Amino acid sequence: MKLTGAEIFIECLKKEKVDTIFGYPGGVVLNIFDLLYDDKDLRVILTRHEQGATHAADGYARASGKPGVVLVTSGPGATNTVTGIANAFMDSIPVIIFSGQVPTKLIGNDAFQEADIVGISRPCTKYNYLVKDIRDIASIIKEAFHIATSGRPGPVLVDLPKDVTAGKSEFIYPEEINIRSYNPTYAGNRWQIKQAAVAIAKARKPVIYAGGGVILSNASEELIWLAEHTQIPVAMTLMGLGGFPGDDSLSLGMLGMHGSYYANMAIHNSDLIIAIGARFDDRVTGRVEGFAPDAKIIHIDIDPTSIRKNVRVDIPIVGDVKLVLKDLNEILKDEVKEQWSEIRKAWLKQIDEWKRERPLTYAWDEDIIKPQFVIEKIYELTKGDAIITTEVGQNQMWTAQFYKFHKPRTLLSSGGLGTMGYGFPAAIGAQIAFPDKLVIDIAGDGSIQMNIQELATAVIHKLKIKVAILNNQYLGMVRQWQELFFRERYSYSYLHTEQVPDFVKVAEAYGAVGLRAKKPSEVEPVIKEALRIKNTVFMDFFVDWREKVFPMVPAGGAIHEMIFGEETKQPEKKLKAVK
Amino acid sequence: MRHTISLLVENKFGVLSRVAGLFSGRGFNIESLSVGETLDPQISLMTIVTQGDDRIIEQITKQLNKLIDVIKVVDLTEMDHVEREMILIKITPKPEDRAETLRIAEIFRGRIVDSSPRTYTIQITGDEKKIEAAIELLRPMGIKELVRTGKVAIAREGVKKREM
């Protein structure tokens, strides 16, 4: 039987077990939206901006491990997704974006709402397609899902001209696809893995450096086994947080520019770094020439281009992190754990000393809310059992430092691109994936205003997202840099007290709930109240605008060349250590 | 160091732009690029000449391999291979230089493919050194216009290809 292109599109999504689409309608995709009107199996989450839809699909994918699907119209609808696509690309998130396109005979004619989205999105997608023939829709969609979710995952865009969705053709969904030029390597080289095991056995001061790849390949269990069995401490990237339990004694928390003192010191002084699904981003390595000068480096990654891109690597292993770790653990399992404890004793003792020397702290104040205190309280009151999303900037770094992530897929944050406005729509995606889980977006007053319109999406779908706004009336991280490196010239980073909206009223205007805390004593009651309310809640915390994120590796510094805030330099001041 | 990279790709629209975009997006320079269909019309072969140290070339070849449409990447540089380039060069010799122009063309086994009362257009093929030498010798004759194809290269038979 012949189906229209729009019908084929919908059948294909069902074959791929898609149940949710994040999107926004427009002229050229009306053939599809018309069918979605009556469809019982496909739920459409109408966002208020296409960027919101793309971040929501990204958040949905990160939280659930399933691909996120976006459907938007041509021209501005498509171009509005670009930031979301680039965000997913940098963090290797499987998102499939379907964009409408003007009819094939008008392509290239500057038709109304035409944009060359295939050209525009080429550098920030894993792959993209323009469907020129209705007979290709099914195989292209099958390929798109395959490419987005296999190997190193990433976003794939499919551009659908209006006449293609309107025309008719036989629907045949291919059972299998074979892309001769695309064959990701999953199993690691046995000999190299053996070499890695030998290096681990020889090392006296090893550190595991775990990245987002651990979470993407669901390798958390294997990582925990490796670390516990061989007694190797684990430092994580922002993307890797949750891949190893943050409250484990072997956890060093995050490393890098705003990493913990002990994580950075451990990396700098190590004799072996086992990099797992991490890509030696410049925010992690600091000055590359000064990075871990005495360490051998084992690098496990599914993407060969990540290996030796930024740092020298002694033992490269291309493969899926989970499979490689399984093989590695298999070799190491015959060694007795107690022996490892003995071998690592001095090293772990040294790390404990670093932990005692400079824990993550902040100066307590009776009168002004410290942003770190808000995050600490959220952790305490949720017991770490929540999906946390963040915006970008100080709020993101404090979250990484002061919230202990126990499980994978519980921190959704824009790592590679650093997209302000990511957290709130990502929280929407996560809450759609897990309606019963607690989802909290930790935001800044600057970031939240980048996609604040999605309040409507959250409220209309009765999502119980809690947004904690660390309101300091500044673009905090910009202000921090200006204070430290630009002689306190706060050029355009001040958002003006009178111009920062009343977030309580904004929330109420959309039908959500707004709460506010101005004093430290009000923080806990506000969070408790927010957790009690079955609605989207904005918590507006008036925090100390002067607060900065420390430690910090200044640009151009090596990873151990950290600077610290006054509070950590002057231990006689009243300190509050993180529990 | 200069590298000649041979690239088998799917013959689809947008592939050239993906390859070129990979270079420009990472700040790598393409010195020349030529592309054409192979015996299999579904596959094209690109010959790319680029410069870089070992680390850059390793990244380039890995990144090329990562492109979904790229079937095979071979760095021909360190293996025995044959390479050719073609130029069409339009000369405007003075009347007294016309004979000399023809003589130079003959030395380089060039062919006159067009002539007018005031110009000769000469086609010359060869490796880079030969092309450069021909241009240098013809320069005093008065070059009006010149067009180069960019290099095409193929491995010599009997030599095992080093796949990247």
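That block above? That's the structure.
Basis of the calculations
- Residues numbered from 1 in each chain as written.
- Chains lettered and ligands numbered in written order.
- Predicted model: local features only at pLDDT ≥ 70, side-chain atom pairs only at ≥ 80, totals over all residues.
- Heavy atoms only, no water.
- Phe/Tyr/Trp six-rings, centres within 6.5 Å; stacked < 30°, edge-to-face > 60°.
- Helix = DSSP H or I, 4+ residues; strand = E, 2+ residues; numbered from the N terminus.
- Buried < 20%, exposed > 50% of the residue type's maximum accessible area, 1.4 Å probe, protein only.
- Axes fitted to C-alpha atoms, helices over the stretch in contact; angles between N-to-C directions.
- Parallel < 35°, antiparallel > 145°, perpendicular 65-115°, else oblique.
- Contact = heavy atoms within 4.5 Å.
- Nonpolar A, V, L, I, M, F, W, Y, C, P; charged D, E, K, R; others polar.
- Salt bridge = Lys/Arg side-chain N within 4 Å of Asp/Glu carboxyl O.
- Pairing = 2+ DSSP bridges.

Engineer: Would you mind showing me how to read the packing of aromatic side chains here?
Structural biologist: Working definition: an aromatic ring pair is given by the centre-to-centre distance plus the angle between the planes. Residues and elements named next belong to chain A. Tallied over the full model, the rule gives 19 aromatic pairs over all chains. Geometrically, the ring pair formed by F22 and Y60 is edge-to-face, given 5.7 Å between the ring centres and 65° between the ring planes. Residue F22 is located in strand β2 (residues 20-23), and its partner Y60 is located in helix α3 (residues 50-64); the two are separated by 38 residues in the primary sequence. For F22, a relative accessible area of 0% gives the class buried. With a centroid separation of 6.2 Å and 35° between ring planes, the pair formed by F171 and Y173 is classed as tilted.

Engineer: What am I meant to see in the packing of helix α11 (residues 220-230) of chain A against helix α15 (residues 337-357) of chain A here?
Structural biologist: The axes of two packed helices give the description: the angle between them and the distance between them. All names here are of chain A. Between α11 and α15, the shortest axis-to-axis distance is 7 Å and the interhelical angle comes to 70°. On the basis of their axis angle, the class for α11 and α15 is roughly perpendicular. Facing α11, whose interface residues are E228, H229 and T230, α15 presents K337, W340 and R344. By residue class, the composition of the contact of α11 with α15 is one nonpolar, two polar and three charged.

Engineer: Please clarify how the pattern of salt bridges should be interpreted in this entry.
Structural biologist: Should their charged atoms come close, side chains of opposite charge can pair. Residue and element names in this part refer to chain A. Following the criterion strictly, the structure yields 41 salt bridges over all chains and no others. Linking D39 and K14 is a salt bridge whose minimum nitrogen-to-oxygen distance equals 2.7 Å. Separated by 25 residues along the polypeptide, D39 in the loop between α2 (30-36) and β3 (43-46) and K14 in helix α1 (residues 5-15) bring together distant segments of the chain. Assessed through its relative accessible area of 27%, K14 is described here as partly exposed. In this structure, the salt-bridge partner of E561 is R287, at a minimum N-O distance of 3.2 Å. Of this pair, E561 sits in the loop between β21 (537-542) and α24 (566-569) while R287 sits in the loop between α13 (282-285) and β13 (296-301); the two residues are 274 residues apart in sequence, bridging distant segments of the chain. We classify E561 as partly exposed; its relative accessible area is 34%.

Engineer: Just checking my understanding: could you explain the pairing of strand β5 (residues 95-101) of chain A for this structure?
Structural biologist: As a general feature of sheets, a regular strand has side chains that alternate between the two faces. Residue and element names in this part refer to chain A. Among the seven residues in β5, seven count as buried, and that is most of the element. In β5, alternate side chains face the same way, and those of V95, I97, S99 and Q101 on one face and I96, F98 and G100 on the other are all buried. One ladder, built from five bridges, connects strand β4 (residues 68-72) with β5; its direction is parallel. Residue V72 lies in a different strand from β5, and its bridge partner there is S99. The sheet contact formed by β5 and strand β7 (residues 156-161) spans six bridges and is parallel.

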